[in-house]
Amino acid sequence: MAKTKFSIEGAFEQLEDIIEQLSSEEISLSDSMDLYKKGVKILDKCSQTLDKTQKEIIILQEGQNDAMHKGTAFEED
């Protein structure tokens, strides 16, 4: 089974779907708990992805700041 690439946009769509299902009056308690657990896992993955992205941005900014302080400039390709 091929592993699909995680995307924040796809995760948000899944969360919207989960919220819609949880809003239904016809859903059982057991199904509600299953959906809730799935939503928590999706939110955790989103948080991890955003944290990783934030760290990458900080590293890139630090590299750019170091280059500016050393008098070197980045040239665009």
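Computed from a predicted structure; not experimentally measured.

## Digging into helix H1 (residues 8–22)
So, point 1. In a regular helix each residue adds 1.5 Å, so 15 residues correspond to 21 Å; H1 covers 21 Å between its end C-alpha atoms and thus fits that length.
So, point 2. Listing the buried residues of H1 in full gives Ile8, Ala11, Leu15 and Ile18. The buried residues of H1 occupy an angular sector of 75 degrees when the element is viewed end-on, so they sit on one face. Summarising the geometry of H1, the exposed residues directed more than 90 degrees from the buried face are Glu9, Glu13, Glu16 and Glu20.
So, point 3. The elements touched by buried residues of H1 are helix H2 (29–69).

## Structural notes on a negative patch on the surface
So, point 1. A cluster of like negative charges, contributed by Glu9, Glu13, Glu16, Asp17 and Glu20, occupies part of the molecular surface.
So, point 2. Positionally, Glu13 belongs in helix H1.
So, point 3. For Glu13, a relative accessible area of 55% translates into the label exposed.

## Concerning the nonpolar core
So, point 1. By size, the foremost hydrophobic cluster in this structure holds seven residues: Ile8, Ala11, Leu15, Ile18, Leu35, Ile42 and Cys46.
So, point 2. Counting residues per element, the ones that place at least two in this core are H1 and H2.
So, point 3. Broken down by element, this core gets its largest block of residues, four residues, from H1.
So, point 4. Every residue in contact with Leu35, bar those within four places of it in the chain, is listed here: Ile18, Gln21, Leu22 and Ile27.

Cut-offs and rules
- Residues numbered from 1 in each chain as written.
- Predicted model: local features only at pLDDT ≥ 70, side-chain atom pairs only at ≥ 80, totals over all residues.
- Heavy atoms only, no water.
- Helix = DSSP H or I, 4+ residues; strand = E, 2+ residues; numbered from the N terminus.
- Expected span 1.5 Å × (residues − 1).
- Buried < 20%, exposed > 50% of the residue type's maximum accessible area, 1.4 Å probe, protein only.
- Arc of directions from axis to C-beta.
- Contact = heavy atoms within 4.5 Å.
- Patch = residues over 30% accessible without salt bridge, like charges linked within 9 Å, V, L, I, M, F, W, Y side chains within 5 Å.
- Areas by Shrake-Rupley, 256 points an atom, 1.4 Å probe, with all protein chains shown as cover.
- Salt bridge = Lys/Arg side-chain N within 4 Å of Asp/Glu carboxyl O.
- Lys, Arg positive; Asp, Glu negative; His and termini not counted.
- Charge placed at Lys NZ, Arg CZ, Asp CG, Glu CD.
- Core = buried A, V, L, I, M, F, W, Y, C linked by side-chain atoms within 4.5 Å.

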